[in-house]
Amino acid sequence: MANHKSALKRNKQNTVRNARNTHIRSTMRTYVKQVREAVATGDAEAAKLAMEKAMPYIDKAASKGVIHKATASRKISRLAKLVNAL
């Protein structure tokens, strides 16, 4: 357990940031999964709608530092490729 005031504050900050990052990453993965499921069923309209929700959220995760910007770009690119193939 931390004994210094600054260490206690650092622990609290890390806890809050971890919760925020986990929420953003989890939600992003859910949106990606929805796009992949729509593509798997062959529903082009649902896939496009899911893609419209997923893209900004992936960008948001990158801007918050939860994922690297190159990772975000790669994810968006691969999802777009899947959706456009329908």
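The structure under discussion appears in the preceding block.
So, here's what we can say about the structure. (Residues numbered from 1 in each chain as written. Predicted model: local features only at pLDDT ≥ 70, side-chain atom pairs only at ≥ 80, totals over all residues. Heavy atoms only, no water.)

So, the environment of D43
(1) Moving on: By the secondary structure assignment, D43 is in the loop between α1 (5–41) and α2 (44–63).
(2) Moving on: What makes D43 partly exposed here is its relative accessible area of 36%.
(3) Moving on: Note: C-alpha distance between D43 and L86 (43 residues apart in sequence) is 8.1 Å.
(4) Moving on: Those residues in contact with D43 that sit more than four places away from it in its chain are A38 and L86. (Helix = DSSP H or I, 4+ residues; strand = E, 2+ residues; numbered from the N terminus. Buried < 20%, exposed > 50% of the residue type's maximum accessible area, 1.4 Å probe, protein only. Contact = heavy atoms within 4.5 Å.)

Thoughts on the packing of α2 against helix α3 (residues 69–85)
(1) Moving on: Two numbers describe how α2 lies on α3: the axes approach to 9 Å, and their chain directions differ by 175°. Taken together, the axis directions place α2 and α3 in an arrangement best described as roughly antiparallel. Along its contact with α2, which presents A47, K48, M51, M55, I58, D59 and A62, the element α3 presents K69, A72, K75, I76, L79, A80 and V83.
(2) Moving on: Grouping the amino acids of the contact of α2 with α3 by side-chain chemistry returns ten nonpolar, no polar and four charged. (Axes fitted to C-alpha atoms, helices over the stretch in contact; angles between N-to-C directions. Parallel < 35°, antiparallel > 145°, perpendicular 65-115°, else oblique. Nonpolar A, V, L, I, M, F, W, Y, C, P; charged D, E, K, R; others polar.)

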